[in-house]
Amino acid sequence: MKDLHDVLSRIWGFQDLRPMQEQVVRSVLQGRDTLALLPTGGGKSLCFQLPALMQGGCCLVVSPLIALMKDQVQRLRERGVKAVALTAGMRREELDVALENCALGHCDFLYVSPERLGSDLFRARVDRLPITLIAIDEAHCISQWGYDFRPAYLAIGDLREHFPEVPVIALTATATERVVTDIQEQLRFREPHVLRGDFRRPELTFWVSRGEDKLGRLLRIAERTTGGAIVYVRQRREALRIANRLTDAGFSAAPYHAGLPLEERDRTQRAWTQGSVRFVIATNAFGMGIDKGDVRTVVHWGPPDDLESYYQEAGRAGRDGEASHAILLVDQGDGRRLEERVRGSFPALQQVRACLQAFADMHRIPLSGGMDETFALDLRGIAERMGTNVRTAAQALKVLELNGDLALSDGFRDPSRVHFVGSPREVHQLQGQRHPSAPLLEAVLRTYGGVFEQPTVIEEERLARMIGWSTEAVRQTLKASQEAGILEYRPRNTGPAATLLTPRRDAATLMPDPAVMRDREGRALERMDRMRSYFERGDVCRETTLLAYFGAQPPEACGHCDVCVARAKGPAIASEPVVDLERLRWERDQEDSR
């Protein structure tokens, strides 16, 4: 076996591991099944990447986060490590080649989404794969008690039948005691074995700020803090509105949400990472896997649905160990709105059926068809067809996912494809008749081979330059040609997607398990109650509350959250429900610096 520090230095340029990282790595090298609970920014990826390279073979990495998979694969390749990811949007031929290369030993890391484990292509080759380590990222998703349960994760335990002696490492940043037990049971650990990092964040001040003027408080936060910041919002229109208000006030800010073009999201992320944009106003689509240690402030414009989401998002501040703030802005109505939002997240059966029908109609998926195909997800379009709002449509899709009908992904890059369904003779006749689409069809035929045999990747921009059209004209002509039955056109997609896991069902007969739905609702309401208690109570240290929720008992109160500061200032302040507590914090800092 290779030397640990030699591989660490040669591949990553590090001389030493953090203490908990080294414990996890050595546990894996001893062949033990290991559940590693490490806080956000705790270096989870190194805990499986390093032992995998030391012992050779191929490491199978299961992760639901497509963007994070692609980022890790790219980083490994830049270091000379052979890695590949099987993600939504890849053609069957691409998946086939990637799996065969892995079976032949030409791959150090094989990243897969949990849905891919059940595909016929994966099952056909699984026994040929030289797997020496199985790594499960975001392992809380395997537990029905977790906040982001994904049914496809349940199939991971079946891997133990194929690789009974291969160690499993499961990693997560957020897990209650019940989830910790469930993860080990679902993954069929040979013996219980949990390694916990220190979840205390002494550099991070958790603060709940109460009052009606959220914008005014946000502007004061912007004035009195420095460095990069994230403001989490729930709605896309809020992201744009708040970014505009911050910009008007003289602060560099940009919105970020899944509805923006990929190029704009990438541009915003780069600018923020490099420091030319200070504030990103984002939905929860932002932050996963972003390697920026000097985030000084994370603000939540209202409470998330649960403490798991809040702790994970807030923990993106201060990862470099420097003093930082995690501030939750709440007003008098936030508790009621949170409860209404969570209770309204469980659609009726008829709405779930309408959602499946709308999705199938939008993509022209025939009954019993579409299995293993990935489709762009237009939530607004689905909601309009259902006659409801976007949130209900999103929750209906989640029910379909829990029912095993489809798998959702936050975003993927799927290039445009064209497949000519008419015969070559019919297409040539259109060209001879000077049909309006003739110049474009001729350009496609001259530029791309195989368009009559299978869907072929195209670039609309390249075709537009060839024939002197605008890119939008090319897209519209391809859509019109599809409606005319000349070809099938799948436009490029960089947004949310759904992969059908079963042949498309008849929506009228769809019957999700009502017991599963009731259990899911009960668990969501329980987590919502804990979130609500966190920001409505003012008598328990914020850090103590968070750590206790995840099974850790801090030796003492943090001394610097809003509750601790209010207690130190006196009972009159501690009992005041609308006092601007973050202002007191900065006033205290000013006093201390004199």
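Just so you know, the residues in each chain are numbered from 1, in the order the chain's sequence is written. Selection of residues for local features in this predicted model requires a pLDDT of at least 70, selection of side-chain atom pairs for listing and counting requires 80 or more, and totals for whole chains, interfaces and linings are taken over all residues. Excluding hydrogens and water, the side-chain figures rest on all heavy atoms present in the structure.

What about the overall build of the protein?
Helix and strand assignments follow DSSP, with helices taken as H or I runs no shorter than four residues and strands as E runs no shorter than two, numbered in order from the N terminus. Check the secondary structure of the protein and you find 25 helices and 19 strands. For the radius of gyration, the atoms used are the C-alpha atoms, and the globule rule reads 2.2 Å times the number of residues raised to 0.38. At 26 Å, the protein has a C-alpha radius of gyration in line with the 25 Å of a compact globule built from 594 residues. On the principal axes, the C-alpha backbone points of the protein span a range of 85 × 60 × 50 Å. Exposed residues in this analysis have more than 50% of their type's maximum accessible area, buried residues have under 20%, and partly exposed residues fall in between, with area computed by a 1.4 Å probe over protein chains only. Burial analysis of the protein (594 residues in total) assigns 54% to the buried set. In what follows, a contact means two residues having at least one pair of non-hydrogen atoms within 4.5 Å. Partitioning the contacts of the protein with sequence separation of at least 6, the portion at a separation of at least 24 is 76%. With residues, only the protein chains shown are counted as cover, and all accessible areas are computed by Shrake-Rupley using a 1.4 Å probe. Of the roughly 26,100 Å² of accessible surface on the protein, a fraction of 47% belongs to carbon and sulfur atoms. Counting rule applied: Lys, Arg positive; Asp, Glu negative; His and chain ends not counted. Note on charges: their place is set at NZ of Lys, CZ of Arg, CG of Asp or CD of Glu. Put simply, the protein has 80 plus and 83 minus side-chain charges, and the middle of one group is 2 Å from the middle of the other.

What about the packing of helix α12 (residues 307-314) against helix α21 (residues 514-536)?
Only C-alpha atoms enter the line fits that serve as axes; for helices the fit covers just the stretch in contact. Angles between N-to-C directions range over 0 to 180 degrees. Viewed as axis vectors pointing N to C, α12 and α21 meet at an angle of 55°, and their least axial separation amounts to 8 Å. By the angle class used here, α12 and α21 are oblique. Here L307, E308 and Y310 of α12 come into contact with α21, specifically with R527, R530, M531 and Y534. Throughout, the term roughly parallel applies to angles under 35 degrees, roughly antiparallel to angles over 145, roughly perpendicular to angles from 65 to 115, and oblique to all others.

Digging into the packing of helix α9 (residues 214-224) against helix α10 (residues 236-248)
Two elements in contact, α9 and α10, have axes whose closest approach is 11 Å; the angle formed by their N-to-C orientations is 50°. The angle between α9 and α10 falls in the class oblique. As for the relative orientation of α9 and α10, their crossing is right-handed in sense. Where α9 abuts α10, its residues L215, L218, L219 and A222 lie against I242, R245 and L246. Think of it as three bins: nonpolar holds Ala, Val, Leu, Ile, Met, Phe, Trp, Tyr, Cys and Pro, charged holds Asp, Glu, Lys and Arg, and polar takes everything else, Gly as well. Of the residues belonging to the contact of α9 with α10, the class tally is 6 nonpolar, no polar and 1 charged. Note on convention: near helix rotated counterclockwise from far helix by under a right angle means a left-handed crossing. Clockwise means right-handed.

Notes on empty space enclosed by the protein
Any residue with an atom within 4 Å of a point lines the site, the site being either a cavity, points on a 1 Å grid over the protein atoms alone where a 1.4 Å probe fits but cannot get out, or a pocket, an open set with protein on both sides within 12 Å along at least 5 of 7 lines. Grid points are joined across faces, edges and corners, and a volume is the space filled by probe spheres set on the points. Using the criterion set out here, one finds 2 cavities of 30 Å³ or more in the structure. Space inside the second largest cavity adds up to approximately 30 Å³. Together, E115, R150, P151, A152, E401, L406, A407 and L501 line the second largest cavity.

Some details on unusual backbone geometry
Even without glycine at this site, E138 takes up a positive phi of about 50°. Mapped onto the fold, E138 is located in the loop between β5 (131-136) and α7 (159-162). For E138, a relative accessible area of 8% translates into the label buried. Within the chain, R364 stands out as a residue other than glycine whose phi angle is a positive 55°. Take R364: it is sitting in the loop between α14 (349-363) and β14 (374-376).

Observations concerning the pattern of salt bridges
We define a salt bridge as a side-chain nitrogen of Lys or Arg found within 4 Å of a carboxyl oxygen belonging to Asp or Glu. According to the stated counting rule, one finds 31 salt bridges in the structure shown. Between D96 and R125 there is a salt bridge, with the nearest N and O atoms lying 2.7 Å from each other. Separated by 29 residues along the polypeptide, D96 in helix α5 (residues 92-103) and R125 in helix α6 (residues 120-125) bring together distant segments of the chain. Of the charged contacts in the structure, one is a salt bridge between R537 and D539, with a shortest N-O distance of 2.9 Å. When its relative accessible area of 45% is taken as the criterion, D539 is described as partly exposed.

Considerations on the packing of aromatic side chains
Working definition: a ring pair exists when centres of Phe, Tyr or Trp rings (six-membered ring for Trp) sit within 6.5 Å. Plane angles under 30 degrees give stacked, over 60 give edge-to-face, the rest tilted. As enumerated under the stated definition, the model contains 7 aromatic pairs in all. With a centroid separation of 5.6 Å and 45° between ring planes, the pair formed by Y310 and Y534 is classed as tilted. Within this pair, whereas Y310 is found in helix α12, its partner Y534 is found in helix α21, the two being separated by 224 residues in sequence. Comparing Y310 with Y534, the two get one shared label, buried.

Section: the sheet that holds strand β16 (residues 417-420)
What holds strands together in a sheet is hydrogen bonding between their backbones, with the strands either parallel or antiparallel. Pairing within the open sheet is antiparallel, and its 3 strands lie in the order β17-β16-β18. Every other strand in the sheet has two partners, leaving β17 (456-457) and β18 (487-490) as the edge strands with one partner each. Pairing between strands is defined by DSSP: at least two bridges between the two strands are required. Note: β16 against β18, 4 bridges, orientation antiparallel. Within β18, the residue paired with V418 across the bridge is Y489.

Describing the sheet that holds strand β7 (residues 194-196)
The strand order β3-β4-β2-β5-β6-β1-β7 describes an open sheet built from 7 strands, whose pairing is parallel. The open sheet has two edge strands, β3 (83-86) and β7, and neither has a second partner. Pairwise comparison of adjacent strand axes, ignoring direction, gives a mean angle of 20° for this sheet. Of the strand pairs in this sheet, β5 and strand β6 (residues 168-172) are connected by 3 bridges, and their pairing is parallel.

So, the state of the cysteines
Cysteine sulfur atoms that pair up within 2.5 Å are treated as a disulfide. By the definition in use, this model includes 0 disulfides. Take C47: it sits in no disulfide, and the sulfur closest to it among the cysteines is that of C59, at 12 Å.

Details of the pairing of strand β12 (residues 295-301)
For β12, a buried count of 7 out of 7 residues is recorded, marking the element as mostly surrounded by other parts of the structure. The pairing of strand β9 (residues 228-232) with β12 spans 5 bridges and is parallel. Looking at β12, one finds that Y232 is bridged to H300. Here β12 runs beside strand β13 (residues 324-330); their pairing, made up of 5 bridges, is parallel. Each bridged residue has a counterpart across the sheet, and for V299 the counterpart in β13 is I327.

Structural notes on the environment of C47
Here C47 is to be found in helix α3 (residues 44-55). Note on C47: relative accessible area 0%, which makes it buried. Taking C-alpha positions, C47 is 11 Å from L37, a pair spaced 10 residues apart along the chain. Excluding residues within four positions of it along the chain, C47 makes contact with Q21, V24, V25, V28, L38, I169 and L171.

Details of the nonpolar core
Definition used in this section: a nonpolar core is a set of buried Ala, Val, Leu, Ile, Met, Phe, Trp, Tyr and Cys residues joined via side-chain atoms within 4.5 Å. Counting residues in hydrophobic clusters, the biggest one holds 71 residues, and the most contacted among them are L110, I136 and Y534. For this core, the leading source of residues is α21, giving 6 residues. Ignoring any residue separated from it by four or fewer positions in sequence, one finds I136 in contact with V62, Y153, I156, V168, I169, A170, L171 and L187. Core analysis: the next-biggest nonpolar cluster, separate from the first, contains 36 residues, L8, A52, A83 and I169 among them.

With respect to α14
In this analysis, the expected span of each helix is defined as 1.5 Å times one less than the number of residues it contains. For α14, built from 15 residues, the straight-helix expectation of 21 Å at 1.5 Å per residue is met to within 8% by its first-to-last C-alpha distance of 22 Å. Residues of α14 that are buried make contact with β14, α15 (379-386), α16 (390-402) and β19 (497-500). With its phi angle positive at about 55°, R364 sits one or two positions after the end of α14.

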